[in-house]
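Examining the three-dimensional arrangement
Given next are the chains, with one letter for each unit.
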Amino acid sequence: GIQVEQSPPDLILQEGANSTLRCNFSDSVNNLQWFHQNPWGQLINLFYIPSGTKQNGRLSATTVATERYSLLYISSSQTTDSGVYFCAVERPGTASKLTFGTGTRLQVTL
Amino acid sequence: GAVVSQHPSWVICKSGTSVKIECRSLDFQATTMFWYRQFPKQSLMLMATSNEGSKATYEQGVEKDKFLINHASLTLSTLTVTSAHPEDSSFYICSARDEGATGIYGWEKLFFGSGTQLSVL
């Protein structure tokens, strides 16, 4: 099956710092999505981004489908950004069945 | 946006008992729902796809007799962990497709519940 690896696995930032999270996937995908899982376990949709670049406030994401990777940029980080960030890909030939990446655990400190 | 309600939020049970988890789409009909499992500090793994009015389809390695899924209506899917054991302790999350949602990408139709933390003693 498809492999989805994220890096770094853990990241500690001081409030106000910027960061880049990476997602590599082993095969062609139909769609790619970024999630933030808050400390209570709730998954929050951040981006649907099978290709190209999108921005939403302090967050932006870029997917280069031909090279099988996606990047999530967090600028001016805040303590509320803490949690786990997952990328997830839609398996080819399926509808809405997601393969989640290994995750990046982010802690933003004061 | 659409809301998916999952209950209970957490449950503690004794080994050998069964536990039922509910996943409801509150403001849309969902012919398809998905169940994921997440062990501590690990990623989410798809367990099964729940189809309204038909049998669920399970991912490889998931015991269908242990994790019973029922999708009897367009707004409710249930996951029953039968004869639970400590190794079944995990965070279970459901998601549901809103076929009526707008958007050009399929995932704009996908919404997640808040999860259920199961602890088996």
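Residues numbered from 1 in each chain as written. Chains lettered and ligands numbered in written order. Predicted model: local features only at pLDDT ≥ 70, side-chain atom pairs only at ≥ 80, totals over all residues. Heavy atoms only, no water.

**Some remarks on the overall build of chain B**
Cut-off, in case you're wondering: Numbering of helices and strands runs from the N terminus; a helix is a DSSP stretch of H or I covering at least four residues, while a strand is a stretch of E covering at least two. What the globule rule says is 2.2 Å times the number of residues to the power 0.38, and the radius of gyration is computed from C-alpha atoms. Note on classification: 1.4 Å probe, protein chains only; a residue is buried when its accessible area is under 20% of the maximum for its type, exposed when over 50%, partly exposed between these limits.
Each helix and strand in chain B was counted, giving 0 helices and 11 strands. Going from N to C terminus, chain B has its helices and strands arranged as β-β-β-β-β-β-β-β-β-β-β. The C-alpha atoms of chain B give a radius of gyration of 14 Å, which matches the 14 Å a tight globule of 121 residues would have. Based on the C-alpha atoms only, the size of chain B along its principal axes is roughly 45 × 30 × 25 Å. In chain B, buried positions account for 52% of the 121 residues.

**Regarding the sheet that holds strand β6 (residues 52–56) of chain A**
All names here are of chain A. Counted only if it meets this: Strands were regarded as paired on the criterion that DSSP finds at least two bridges between them. The axes used here are C-alpha line fits, helices contributing only the stretch in contact, and every angle between their N-to-C directions lies in the interval 0 to 180 degrees.
With antiparallel pairing, 5 strands are arranged side by side in an open sheet as β1-β3-β8-β7-β6. Each having just a single partner strand, β1 (4–7) and β6 make up the two edges of the open sheet. This sheet shows a mean twist of 15° between the axes of neighbouring strands, independent of strand direction. Sheet topology note: the strand β3 (residues 19–25)/strand β8 (residues 69–74) ladder contains 6 bridges and is antiparallel. Across the sheet, Ser-19 pairs through a bridge with Ile-74, a residue of β8.

**Structural notes on the state of the cysteines**
Defined simply, a disulfide is a covalent bond joining two cysteines at their sulfur atoms. Rules: Here, a disulfide means two cysteine sulfur atoms that sit within 2.5 Å of each other.
For the structure shown, the criterion picks out 2 disulfides over all chains. Put simply, Cys-23 of chain A and Cys-87 of chain A are joined by a disulfide, and their sulfur atoms are 2.0 Å apart. Looking along the S-S bond of the Cys-23 of chain A-Cys-87 of chain A disulfide, the torsion reads about 75°, which is the right-handed sense. One end of the pair, Cys-23 of chain A, is in strand β3; the other, Cys-87 of chain A, is in strand β9 (residues 83–90), and 64 residues separate them in sequence. When its relative accessible area of 0% is taken as the criterion, Cys-23 of chain A is described as buried. Residue Cys-87 of chain A is classed as buried on the basis of its relative accessible area, which comes to 0%. Paired by a disulfide, Cys-23 of chain B and Cys-94 of chain B hold their sulfur atoms 2.0 Å apart. Between Cys-23 of chain B and Cys-94 of chain B, the S-S torsion sits near 80°, and that sign places the bridge as right-handed. Here Cys-23 of chain B is found in strand β3 (residues 19–25), whereas its partner Cys-94 of chain B is found in strand β9 (residues 90–97), with 71 residues between them in sequence.

**Some details on the pattern of salt bridges**
We count it as follows: A pair is scored as a salt bridge if a Lys or Arg side-chain nitrogen falls within 4 Å of a carboxyl oxygen belonging to Asp or Glu.
Scanning the entire structure with this criterion turns up 4 salt bridges over all chains. Two residues, Lys-97 of chain A and Glu-59 of chain B, come together in a salt bridge whose shortest N-O distance is 3.7 Å. With Lys-97 of chain A in the loop between β9 and β10 (98–100) and Glu-59 of chain B in the loop between β6 (57–58) and β7 (67–73), this pair bridges two chains. For Glu-59 of chain B, a relative accessible area of 17% translates into the label buried.

**Observations concerning the nonpolar core**
We apply this condition: What makes a nonpolar core is a set of buried Ala, Val, Leu, Ile, Met, Phe, Trp, Tyr and Cys residues whose side-chain atoms join them at distances within 4.5 Å. The contact definition used throughout considers only heavy atoms, calling two residues in contact when any of these lie within 4.5 Å.
The biggest cluster of nonpolar side chains holds 26 residues, and the ones touching the most others in it are Val-4, Phe-28, Trp-35, Phe-67, Leu-79, Tyr-92 and Leu-118 of chain B. Put simply, the parts of the chain that give this core at least two residues each are β2 (10–13), β3, β4 (32–38), β5 (44–51), β7, β8 (76–81), β9 and β11 (116–120) of chain B. Apart from residues lying up to four places away in sequence, Leu-118 of chain B is in contact with Val-11, Cys-13, Val-19, Val-81, Asp-88, Ser-89, Ser-90 and Tyr-92 of chain B. By size, the runner-up hydrophobic cluster in this structure holds 22 residues, among which are Leu-11, Cys-23, Phe-47 and Leu-59 of chain A.

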